[in-house]
Amino acid sequence: KNAAMRPPAQETAFAKTRGELQAKALQEATANAQSAQSALITLNNMERLSQSGQLYSGPFAMTLAGANNFLNSVGLLSKEQTRILANSEIYDKNAKDLVMQDLGGKLGAQISDADRKFVEARVPQITTSVQARTELLNKLDEIQRNKINYYRKMNTHANKYGNLNDFDFSEQY
């Protein structure tokens, strides 16, 4: 090519940087969608447990779980109460796993023990109201599905146009 037809170096550098940033945005959306798919499985398990009616509820739910844990350890818990205790512990573990998975994506793989304890202490213990628990699970489900949809829109745009120049990044999940 002759010199008059070549784009200025600044335009070439801008296009290259813009392309790299767009590729990184698509990579992040892909990772978020993959994480969201995993979160949806956990949320589905939590929803199933919540709908089973086999979780502790009420203002003393966590106290009851602790007391029944002790009774179970000495063999003084009925089969029905043992099942409710197990379901409550599974639900609690799923809630903590969900938060840690989300934080792991934001903070990287290295989460300190102090950070983990801080998060676990603040995991919403939605045990006083079945309705509140259901609403929370529904909202979390919606958030995860929006992450997947955002990725799909971005990926479709990138495949169609070969770039994300006109993609609407303001449409957040």
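In short, a report on the structure.

Conventions adopted
Residues numbered from 1 in each chain as written. Predicted model: local features only at pLDDT ≥ 70, side-chain atom pairs only at ≥ 80, totals over all residues. Heavy atoms only, no water. Salt bridge = Lys/Arg side-chain N within 4 Å of Asp/Glu carboxyl O. Helix = DSSP H or I, 4+ residues; strand = E, 2+ residues; numbered from the N terminus. Buried < 20%, exposed > 50% of the residue type's maximum accessible area, 1.4 Å probe, protein only. Expected span 1.5 Å × (residues − 1). Phe/Tyr/Trp six-rings, centres within 6.5 Å; stacked < 30°, edge-to-face > 60°. Contact = heavy atoms within 4.5 Å.

Describing the pattern of salt bridges
Okay, so step 1: All told, the structure shown has three salt bridges when counted by the stated rule.
Okay, so step 2: With a closest N to O distance of 3.5 Å, K16 and E20 form a salt bridge. Residue K16 and its partner E20 are located together in helix α1 (residues 9-51), separated by four residues, close to a single helical turn.
Okay, so step 3: Using a relative accessible area of 57% as the deciding quantity, one classes K16 as exposed.
Okay, so step 4: Note on E20: relative accessible area 44%, which makes it partly exposed.
Okay, so step 5: Here R145 makes a salt bridge to D141, at a shortest N to O gap of 2.7 Å. On the criterion of helical spacing, the pair formed by R145 and D141 is a turn pair, its members being four residues apart in helix α5 (residues 130-161).

Description of α1
Okay, so step 1: With 43 residues, α1 extends 62 Å between its outermost C-alpha atoms, agreeing within 8% with the 63 Å of an ideal straight helix rising 1.5 Å per residue.
Okay, so step 2: At the C-terminal side of α1, G53 shows a positive phi close to 70°.

Let's talk about α5
Okay, so step 1: The first and last C-alpha atoms of α5 sit 47 Å apart over 32 residues, in line with the 46 Å expected at 1.5 Å per residue.
Okay, so step 2: Turning to α5, its buried residues number three or more, namely R133, L137, Q144, K147, I148, Y150, M154, H157 and A158.
Okay, so step 3: G162 sits one or two positions beyond α5 and adopts a positive phi of about 75°.

Digging into the packing of aromatic side chains
Okay, so step 1: As enumerated under the stated definition, the model contains two aromatic pairs in all.
Okay, so step 2: Look at Y150 and F167: their rings are 5.8 Å apart centre to centre, the planes differ by 65°, and that puts the pair in the edge-to-face class. Here the residue Y150 occupies a position in helix α5, and F167 occupies one in the segment after α5, the gap between them amounting to 17 residues. Each member of the pair, Y150 as well as F167, is classed as buried.
Okay, so step 3: Through pairs of rings, three or more aromatic residues link up here, namely Y150, F167 and F169.

Description of the environment of A39
Okay, so step 1: Structurally, A39 can be placed in helix α1.
Okay, so step 2: Between the C-alpha atoms of A39 and Q101, which are 62 residues apart in sequence, the distance is 7.9 Å.
Okay, so step 3: What A39 contacts, discounting residues up to four positions off in sequence, is L98, Q101 and Q144.

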